[in-house]
Amino acid sequence: MGGTETHERATGRARAYLGSFPSAGGLGVLAADVDPATGALTLTGATDAVADPSYLALADGVLYAVSETEPGAVAALAPDGAAPRPLGDPVPVGGAGPTHLAVAAGHLLTANYTSGSVSVLPLGADGVPGTVTAVLRHEGGGPVADRQSAPHAHQVQPDPSGRWTVSVDLGTDSVRVCALDPATGALRLHRETALRPGYGPRHLAFHPAGGHAYVVGELEPAVTVCRWDDRRGELTPLAEIPLVDADTAGPAYPSAVVVAPDGRFLWVAVRGTDTIAVLVLSPAGDEAIRSATHGHPPPPPRPHTPAPPGRGG
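Residues numbered from 1 in each chain as written. Predicted model: local features only at pLDDT ≥ 70, side-chain atom pairs only at ≥ 80, totals over all residues. Heavy atoms only, no water.

1. Some details on the confidence of the model for the protein chain
Move 1: With 90% of its residues at a pLDDT of at least 70, the protein chain reaches an overall mean of 93.
Move 2: This stretch, residues 308-313, has a pLDDT under 50; its non-local contacts, to residues over four places away or in other chains, come to eight contacts. (pLDDT = per-residue confidence, 0-100. Contact = heavy atoms within 4.5 Å.)

2. Describing the sheet that holds strand 20 (residues 222-229)
Move 1: Spatially, four strands are ordered 18-19-20-21 in an open sheet, and the strand pairing comes out antiparallel. Sheet topology places strand 18 (201-206) and strand 21 (234-242) at the edges, where each strand pairs with a single neighbour. Strand after strand, the sheet turns through a mean of 25° between neighbouring axes, direction not considered.
Move 2: One ladder, built from five bridges, connects strand 18 with strand 19 (residues 212-217); its direction is antiparallel. Its bridge partner lying in strand 19, His203 is registered against Val216. (Pairing = 2+ DSSP bridges. Helix = DSSP H or I, 4+ residues; strand = E, 2+ residues; numbered from the N terminus. Axes fitted to C-alpha atoms, helices over the stretch in contact; angles between N-to-C directions.)

3. Examining the side chain of Gln148
Move 1: With respect to the element layout, Gln148 can be found in the loop between strand 13 (134-137) and strand 14 (153-158).
Move 2: Classification of Gln148 by relative accessible area gives buried; the value is 1%.
Move 3: Within the local environment of Gln148, its side chain forms a polar contact with the backbone oxygen of Leu170, the two atoms lying 2.9 Å apart.
Move 4: In this structure Gln148 touches Gly141, Gly142, Pro143, Leu170, Gly171, Asp173, Gly198, Gly200 and Leu219, once residues within four positions along its chain are discounted. (Buried < 20%, exposed > 50% of the residue type's maximum accessible area, 1.4 Å probe, protein only. Polar contact = N/O pair within 3.5 Å; in protein donor to acceptor, adjacent residues only side chain to side chain.)

4. Here we look at the environment of Thr172
Move 1: Structurally, Thr172 can be placed in the loop between strand 15 (165-169) and strand 16 (174-180).
Move 2: When the C-alpha atoms of Thr172 and His138 are compared, they prove to be 8.3 Å apart, with 34 residues separating the residues in sequence.
Move 3: Excluding anything up to four places from it in sequence, Thr172 contacts Glu139, Gly140, Gly141, Pro151 and Glu192.
Move 4: At 2.7 Å, the side chain of Thr172 and the side chain of Ser174 are in polar contact.

5. Focus: the pattern of salt bridges
Move 1: Going through the model one piece at a time under the given rule, you end up with 14 salt bridges.
Move 2: Its salt-bridge partner being Glu218, residue Arg271 comes within 3.3 Å of it at the nearest N-O pair. Of this pair, Arg271 sits in the loop between strand 23 (265-270) and strand 24 (275-281) while Glu218 sits in the loop between strand 19 and strand 20; the two residues are 53 residues apart in sequence, bridging distant segments of the chain. Here Arg271 matches Glu218 in class, with each residue buried. (Salt bridge = Lys/Arg side-chain N within 4 Å of Asp/Glu carboxyl O.)

6. Points about the nonpolar core
Move 1: Counting residues in each nonpolar core, the largest one holds 18 residues, and the members touching the most others are Tyr214, Val223, Leu243, Leu266, Val268 and Leu279.
Move 2: Where this core is concerned, the elements lending two or more residues are strand 19, strand 20, strand 22 (254-259), strand 23 and strand 24.
Move 3: Excluding its chain neighbours within four sequence positions, the residues that come into contact with Leu243 are Val216, Pro221, Ala222, Val223, Pro254, Val268, Ala277, Leu279 and Arg290. (Core = buried A, V, L, I, M, F, W, Y, C linked by side-chain atoms within 4.5 Å.)

7. Focus on the environment of Ala24
Move 1: In this fold, Ala24 is placed in the loop between strand 2 (14-19) and strand 3 (29-34).
Move 2: Along the sequence, Ala24 and Arg196 sit 172 residues apart, while their C-alpha atoms lie 34 Å from each other.

8. Quick notes on the pairing of strand 5 (residues 56-59)
Move 1: One ladder, built from four bridges, connects strand 5 with strand 6 (residues 62-67); its direction is antiparallel. From the neighbouring strand, Leu58 faces strand 6, where its bridge partner is Leu63.
Move 2: Hairpin geometry of strand 5 and strand 6 is characterised by an intervening segment of two residues between the two adjacent antiparallel strands and by a positive phi of about 55° at Asp60.

Quick look at the structure:
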């Protein structure tokens, strides 16, 4: 299963969107109604117009999906109706194997895992992406030979202030802070923050207050608490918190990290153990303590998203 997104329909009922790989027997981009009492999903429709949609994002009434293929692409879909409706053909991103996307300053950004790059595409008034305006290629590697022989951009997103974009690279053990020019779509590297060698950072999430961020490692099952200075565009690692016990057998491979809207909790999906790790955050967001681990039925969880407010997590 690929990415997930949720939103409230005009009827007041929650709606969920899920990505699955047609190349592996999946249905593509699926839409489902969410039972407000139980959280159960009822499939309403699907489209296979996007090849292997591994990550989805809703923005300004449009559903976006990456096509994790070589070469990679991105697609815009209308989220209304029983099934998501494609708004034109998928658009090439100028990179291979995109695994994440986000909207920032009137542009769509994709993190391209296989090619180790971040792409920028302008968005039209209808929300449909145009031709690529920039591709920023990462450089470097890490000590884990079979996973870090080259850059592997895994996530990209704007910071809470909207001044910067940040990209997390599993292959180079680092997070890059970039400046996006809204007028031209140019992307300029501003600063790179190094993490522990072999950490394999996968995803980052910001605290709602905006002053801290949390980077989850895939190759090392941990979360790194960081200070975020949006004036300087600077990310500073503060502490590392393990996500599994020291005697856990086999690789853990954490994936997505989500901060509760009220900033009290941090949730991390851990695929190797089929669990969700729960961390309690301090009021300022500068400290995190692992408080619980909840079992998750197979298949292993990858991206996950919080339920609408007041309806669980």
